[in-house]
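Inside the fold
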Amino acid sequence: MTTRAVVTGVGHYLPDRVVENAEFEATLDTSDAWIRSRSGIERRHFAAEGQTTSDLATRAARAALTDAGLEPDDIDAIIVATSTADLTFPSVATMVQAELRMMHGFAFDVQAVCAGFIYALSTANSMIISGQAKRILVIGAETFSRIMDWTDRGTCVLFGDGAGALILEPQEGEGTGADRGILATDLNSDGRYRDILYVDGGVSTQNTGFLRMQGKEVFRHAVEKLASTATTALAKAGLNSDQIDWVVPHQANIRIIAGTAKKLGLSMDRVVVTVQDHGNTSAASIPLALSVGKARGQIKPGDLVVTEAIGGGLAWGAVVLRW
Ligand code: ACO
């Protein structure tokens, strides 16, 4: 028998304010047509004034708990993937713990930018397999609107705010690719690429800073590294791309999503796409897409799902799981 971390609940939250591409035309030299054709994005949600990442995360967590039919007391641990924490400390995860009135267990944040949810899932998987925790709430939550330079048309039209959450718990499997739950993970980073995607501020530089990106360079790395990490994770699980039911990619750009699917030999009807409605929500994008994919009736129990993401660092990785 092999212990597997199985998804038993999923949920998401998007702030009320929806911003269509056309809104940017009033303040920037841009157009709905340019944004759609270069990125696939049509609209995104922005958090209300005063609304923070922990608020989004808590709402997504409550939705996942409801989906699983669980109470906060049933959870042992909370891991939040975010690069846009409310405060330098405490962690967003402990703020969610307090909001949920969870008086036990432990909570912490993981920061790997857009790959954050992949890193958080992989961490939660290891903790479940090693018996350190039983039921883990894994959340991706971001307010990237807070680190946008609204005069930089190359970045500010691409990002949005939101949160998604999963609940993972152990189930015994046979140790084969037919098991439910996380079957393999693959994590990578290469710090030499820090200058192509970063925020030009932080605690020890004494300002919050804005996101800076060399879009073409990030694009160049993305397709190749995403296809490679997905293929590696599949091989670790003893599976191949023909067996995939759904790819749930990081939702940054439809051209990256389509290019990666093509490299994996998959048609787009096996890819969950939400980028048109959410923009790039960094660490929140994969759990949001998983939740929306399930709600749409795309992802069903027993489906083989491959998730992959790349972001600042560069950091990238993939998780193969059976829903
Ligand atoms: N509206 C109109 N024109 C624009 C805009 C805009 N919003 N933004 C840039 N342009 C202009 C540029 O200034 C450039 O003009 P120039 O030729 O006069 O210099 C022209 O459009 C072409 O710009 P490119 O950068 O070559 O456009 P490209 O086709 O590469 O698309 C984009 C840009 C969408 C940023 C693309 O490179 C991309 O998606 N890269 C990956 C970004 C990404 O995925 N980042 C996130 C991953 S990690 C994370 O999620 C944190």
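Okay, so let's go over this structure.

Rules used in this analysis
Residues numbered from 1 in each chain as written. Predicted model: local features only at pLDDT ≥ 70, side-chain atom pairs only at ≥ 80, totals over all residues. Heavy atoms only, no water. Helix = DSSP H or I, 4+ residues; strand = E, 2+ residues; numbered from the N terminus. Rg over C-alpha atoms; globule rule 2.2 N^0.38 Å. Contact = heavy atoms within 4.5 Å. Areas by Shrake-Rupley, 256 points an atom, 1.4 Å probe, with all protein chains shown as cover. Lys, Arg positive; Asp, Glu negative; His and termini not counted. Charge placed at Lys NZ, Arg CZ, Asp CG, Glu CD. Phe/Tyr/Trp six-rings, centres within 6.5 Å; stacked < 30°, edge-to-face > 60°. Buried < 20%, exposed > 50% of the residue type's maximum accessible area, 1.4 Å probe, protein only. Lys NZ or Arg CZ within 6 Å of the ring centre and 35° of its normal. Pairing = 2+ DSSP bridges. Axes fitted to C-alpha atoms, helices over the stretch in contact; angles between N-to-C directions. Near = heavy atom within 4 Å. Nonpolar A, V, L, I, M, F, W, Y, C, P; charged D, E, K, R; others polar. Domains from an automatic or database assignment. Disulfide = S-S within 2.5 Å. Left-handed = near helix turned anticlockwise from the far one by under 90°.

Assigned secondary structure in the chain consists of eight helices and 13 strands. On C-alpha atoms alone, the chain measures out to a radius of gyration of 18 Å, which is about the 20 Å that the 2.2 N^0.38 rule sets for 323 residues. Structurally, the chain occupies a C-alpha span of about 60 × 45 × 40 Å along its principal axes. Excluding contacts between residues fewer than 6 apart, the proportion of contacts in the chain whose partners are at least 24 apart in sequence is 75%. Carbon and sulfur atoms provide 50% of the accessible area of the chain, an area that totals close to 13200 Å². The distance from the centre of the 29 positive side-chain charges to the centre of the 37 negative ones in the chain is 5 Å.

For the rest of this paragraph, the subject is the packing of aromatic side chains. With the rule as written, the count across this model stands at three aromatic pairs. Where Phe 106 meets Phe 108, the ring centres are 6.3 Å apart and the plane angle is 10 degrees; that geometry is what we call stacked. Considering the side-chain rings of Phe 144 and Phe 159, the 5.4 Å spacing of their centres and the 25 degrees angle between planes classify their relative orientation as stacked. Taken together, the residues Phe 144 in the loop between β6 (136-143) and β7 (161-173) and Phe 159 in the loop between β6 and β7 connect sequence positions 15 residues apart. Overall, the relative accessible area of 2% leaves Phe 144 in the buried class. Exposure remark for Phe 159: the relative accessible area of 3% places this residue in the buried category. The ring of Trp 316 is capped by Lys 225, whose NZ or CZ atom sits 5.2 Å from the centre of that ring.

Looking now at helix α8 (residues 285-295). With nine of eleven residues buried, α8 lies mostly within the body of the structure. Of the residues making up α8, those classed as buried are Ser 285, Ile 286, Pro 287, Leu 288, Ala 289, Leu 290, Ser 291, Val 292 and Gly 293. Residue Gly 297 follows α8 closely and has a positive phi angle near 85 degrees.

Moving on, we get to the sheet that holds strand β8 (residues 181-189). As summarised here, the arrangement of the four strands in space is β8-β13-β12-β11, forming an open sheet in which the pairing is mixed. What marks the edges here is a single partner per strand, and that holds for β8 and β11 (246-249). Averaged over all pairs of adjacent strands, the angle between strand axes in this sheet comes to 15 degrees, irrespective of strand direction. Here β11 pairs with strand β12 (residues 304-311) via four bridges, running parallel. Bridged to Pro 249 within β12 is Glu 308. Here helix α4 (residues 116-129) sits on the sheet and contacts β8, β12 and β13 (315-322); the angle it forms with β8, its principal contact strand, is near 125 degrees. Lying on the sheet, helix α5 (residues 215-236) is in contact with β8, β12 and β13; it crosses β12 at an angle near 140 degrees.

Taken together, 24 residues sit near the ligand, with Arg 38, Cys 114, Lys 216, Asn 253 and Asn 280 positioned nearest. Here the ligand loses 75% of its free accessible area of 1000 Å² to cover by the protein chains. If you list the elements that add at least two residues to the shell around the ligand, you get α1 (32-39), α5, α6 (254-263) and β12. Among the elements that take part in the shell around the ligand, α5 stands out by supplying four residues, more than any other. Tallied by class, the residues present in the shell around the ligand amount to twelve nonpolar, seven polar and five charged. Split by domain, the shell around the ligand shows at least three residues from each of two domains, domain 1 (2-173) and domain 2 (181-322).

So, on to the state of the cysteines. This structure, assessed with the given rule, holds zero disulfides. Cys 114 supplies the cysteine sulfur nearest to Cys 156, a cysteine that is in no disulfide, at a spacing of 16 Å. By relative accessible area, Cys 156 is classed as buried at 0%.

One open sheet accounts for five strands, arranged β1-β7-β6-β4-β5; its pairing is mixed. Strands with a single pairing partner mark the edges of an open sheet, and in this sheet they are β1 (2-13) and β5 (106-110). Within the sheet, the average angular offset between the axes of one strand and its neighbour, ignoring direction, is 20 degrees. Of the strand pairs in this sheet, strand β4 (residues 77-81) and β6 are connected by five bridges, and their pairing is parallel. Note that in β6 the partner of Ile 78 across the bridge is Leu 137.

With that settled, the discussion passes to the packing of α5 against α6. Packing of α5 against α6 leaves a shortest axis separation of 9 Å and a crossing angle of 35 degrees. Where α5 crosses over α6, the handedness of that crossing is right-handed. Seen from α5, the contacting residues are Phe 219, Ala 222, Val 223, Glu 224, Leu 226 and Ala 227; seen from α6, they are Arg 255, Ile 256, Gly 259, Thr 260 and Lys 263. For the contact of α5 with α6, a count of residues per class yields six nonpolar, two polar and three charged.

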